[in-house]
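# Commentary on secondary and tertiary structure
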Amino acid sequence: MPWVTDELTQLTENAKSIIANILKIDIRIFVAKVYICNSHELSKEILSELEQSNLTMKEKSMIKLFIPNVIGKYFNLSDEIWLLHGEGDNLNTLVHEYLHSIQQCRPNRENIVYYLSYRITQDNSSINPLLIKDWEEIERDVRLKNIISRIMTKGDCEDF
Amino acid sequence: MLEDQIENVLGNPTSQKITRLLVVWKLLSVQDLAEKSRISKPQIHTTLKKLKEQNIVVSPSRGTYAITSTPFMNLLKKAYLIRTVELINQQLYRVNNLLRVKKGSKTVNTKNIDKAFEIYNYLIQQYDPILRESFKHQLNSLSHQFIDTIVGE
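Everything in this summary refers to the structure shown in the same document. (Residues numbered from 1 in each chain as written. Chains lettered and ligands numbered in written order. Predicted model: local features only at pLDDT ≥ 70, side-chain atom pairs only at ≥ 80, totals over all residues. Heavy atoms only, no water.)

## Thoughts on the interface of chain B and chain A
On the side of chain A, 38 residues touch chain B, which itself brings 28 residues to the contact. Across the chain B to chain A interface the summed buried area is about 3,000 Å²; carbon plus sulfur atoms make up 57%. Three residues stand out in chain B for area buried against chain A, namely Tyr93(B), His137(B) and Ile150(B), and they jointly supply 21% of the buried area on that side. The partner of Glu158(A) in a salt bridge is Arg100(B), and the shortest N-O contact between them spans 2.7 Å. Between the two partners, chain B and chain A, sit 15 residue pairs in polar contact (both at pLDDT 80 or more). (Contact = heavy atoms within 4.5 Å. Buried area = accessible area lost by both parts, 1.4 Å probe. Salt bridge = Lys/Arg side-chain N within 4 Å of Asp/Glu carboxyl O. Polar contact = N/O pair within 3.5 Å; in protein donor to acceptor, adjacent residues only side chain to side chain.)

Given below as structure tokens:
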């Protein structure tokens, strides 16, 4: 069963606080419950969520190849964030998944969250430098507040 | 001696390929090297023999090979790793772009998904240890992207 620790509780408070401060949004919107889990539990939960989609056997096999890379996941149906023990139970991953939990835009969901996580944590070891370059240019053109507004409204996440 | 080492490692494409693979994977057998480099086993055997003579490669246990820990090879390892990280970032960026839904489309083009998958598999095959060590967050994001694309989100 996924679990909670005192450290995780502290990490959760830190993550919510830092996101709210930097993005200037209300901390109360972060309602997703956060847990730590092991790799078996995470795989099982991802596959279980995917059962809701009508996927072919080939698509399911493809997805199974990527699951071992997942170190954190926001589950929309249960409104929960699961962090892989020893790999994903850190500020970077939690900030990333919290952003997914409040994200309204789609498609192209990943890069906007990726960039905002970097802006919040300032950890450039976790993001592709070429992507930073792209999004810094976007930020110069449209400003950070419009990127924040983009993630919180329906529509293509890269449509500015 | 150093000049011979440089000549043997940098002046020969087969040596370069083998050396790069050993820098990434740290310890490999001839079979592993053949699979990853697509160089024939006889050619790998010949090259490894020369590299061992030049103290570039050692055989810590029977049938496996690793880079030696000399000042020259340590410098070369660093240079290779920096270049490898650059290459990986470029390829992951490429995969990322292939998986984006372009303006005016509703989904990602199937050809793009296949190409992205092909590049991803190549990266895993060639650079898996480095990816696991230094690209966890990128792999996490990329996996979310692949899953979203396949599910059609």
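## Observations regarding unusual backbone geometry
In this structure, the amide linkage connecting Arg106(A) to the following residue, Pro107(A), adopts the cis form with an omega of 5 degrees. Among the structural elements, Pro107(A) can be located in the loop between helix H4 (91-102) and helix H5 (109-121). The backbone phi angle of Arg143(A) is positive, close to 75 degrees, even though this residue is not glycine. You can see Arg143(A) is positioned in the loop between helix H6 (129-142) and helix H7 (144-151). Phi is positive for Arg38(B), which is not a glycine, with a value near 60 degrees. Considering the arrangement of structural elements, one finds Arg38(B) in the loop between helix H3 (30-37) and helix H4 (41-53). (Helix = DSSP H or I, 4+ residues; strand = E, 2+ residues; numbered from the N terminus.)

## Some words on empty space enclosed by the protein
Tallying each qualifying case throughout the model produces two cavities of 30 Å³ or more. Considering only enclosed or pocket space, the largest cavity measures out at about 90 Å³ in volume. Lining of the largest cavity is provided by Asn92(A), Thr93(A), His96(A), Tyr114(A), Ser117(A), Tyr118(A), Thr121(A), Ser126(A), Ile127(A), His137(B) and Asn140(B). Considering each element in turn, the lining of the largest cavity owes the most residues, four residues, to H5(A). Among the residues making up the lining of the largest cavity, the classes are represented as three nonpolar, eight polar and no charged. Volume-wise, the second largest cavity comes out at about 70 Å³. Taken together, Glu110(A), Asn111(A), Tyr114(A), Asn128(A), Leu131(A), Leu92(B), Tyr93(B), Asn96(B), Gln138(B), Ser141(B), Leu142(B) and Gln145(B) make up the full set of residues lining the second largest cavity. The element best represented in the lining of the second largest cavity is helix H7 (residues 136-151) of chain B, accounting for four residues. (1 Å grid on protein atoms, 1.4 Å probe; cavity = no way out; pocket = protein on both sides within 12 Å on 5 of 7 lines; lining within 4 Å. Points joined across faces, edges and corners; volume = space filled by probe spheres on them. Nonpolar A, V, L, I, M, F, W, Y, C, P; charged D, E, K, R; others polar.)

What is shown is where atoms sit, not what they do.
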